[in-house]
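An overview of the molecular structure
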Amino acid sequence: MDIKLVTLKTNHTLIAKVDIPFDQSYIIVKEPLQVALQPTKEGSGVMFVPFVEYAEEFKTGFKFSMDNVLMISTPVKELEENYRQIFSNIQIASSIPKL
């Protein structure tokens with residue numbers, strides 16, 4: 001599964017582990033987080049909001065019909081690294097403070 005941005009026709013954008021089966025009529029989305037803009041002192045930033053994390057499918061995978069998907073895209077590297085950090089117990093070396 002690749003980490004992708006999925007924009008739904010409802011205008012919600014998710015970052016998640018995405019699998020597109022062979023027939024491409026639907027996608028499977030695991031550990032989805034909604035990508036939301038957050039105001040900051042510098043302008044605006046991005047924050048992640050869990051997307052239906054209380055459902056069994058959060059870990060096993062939600063099935064979305066491609067009829068409900070507006071687009072699938074590749075996140076920028078920083079966004080993907082932040083997503084990976086949330087679901088990993090391992091810190092990426094570049095984010096460890098220098099002594």
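Model, not experiment: these values are computed from the prediction.

Criteria and thresholds
Residues numbered from 1 in each chain as written. Predicted model: local features only at pLDDT ≥ 70, side-chain atom pairs only at ≥ 80, totals over all residues. Heavy atoms only, no water. Phe/Tyr/Trp six-rings, centres within 6.5 Å; stacked < 30°, edge-to-face > 60°. Helix = DSSP H or I, 4+ residues; strand = E, 2+ residues; numbered from the N terminus. Buried < 20%, exposed > 50% of the residue type's maximum accessible area, 1.4 Å probe, protein only. Lys NZ or Arg CZ within 6 Å of the ring centre and 35° of its normal. Polar contact = N/O pair within 3.5 Å; in protein donor to acceptor, adjacent residues only side chain to side chain. Pairing = 2+ DSSP bridges.

Some words on the packing of aromatic side chains
Tallied over the full model, the rule gives four aromatic pairs. Aromatic side chains Phe58 and Phe87 sit 6.2 Å apart centroid to centroid with 45° between the ring planes, which places their arrangement in the tilted category. Within this pair, whereas Phe58 is found in helix H1 (residues 57-60), its partner Phe87 is found in the segment after helix H2 (77-86), the two being separated by 29 residues in sequence. Judged by its relative accessible area of 8%, Phe58 falls in the buried class. Aromatic pair Tyr83 and Phe87: ring centres 5.0 Å apart, planes at 55°, arrangement tilted. For Tyr83, a relative accessible area of 1% puts it in the buried group. Pairwise contacts between aromatic rings join Phe51, Phe62 and Phe64 into one cluster. The residue whose ring lies beneath Lys63 is Tyr26, and the NZ or CZ to ring-centre distance is 4.2 Å.

Comments concerning the side chain of Glu31
Looking at where Glu31 falls in the secondary structure, it is placed in strand E3 (residues 26-40). Using a relative accessible area of 8% as the deciding quantity, one classes Glu31 as buried. Side chain to side chain, Glu31 and Lys17 meet in a polar contact 2.7 Å long. Only 2.8 Å separates the side chain of Glu31 from the side chain of Lys59, close enough to count as a polar contact.

Observations regarding the pairing of strand E5 (residues 62-65)
Residues Phe62 and Phe64 point to one face of E5 and are all buried, whereas Lys63 and Ser65, pointing to the other face, are not buried. In terms of strand pairing, E3 meets E5 through four bridges, oriented antiparallel. Along E5, the bridge assignment pairs Tyr26 with Ser65.

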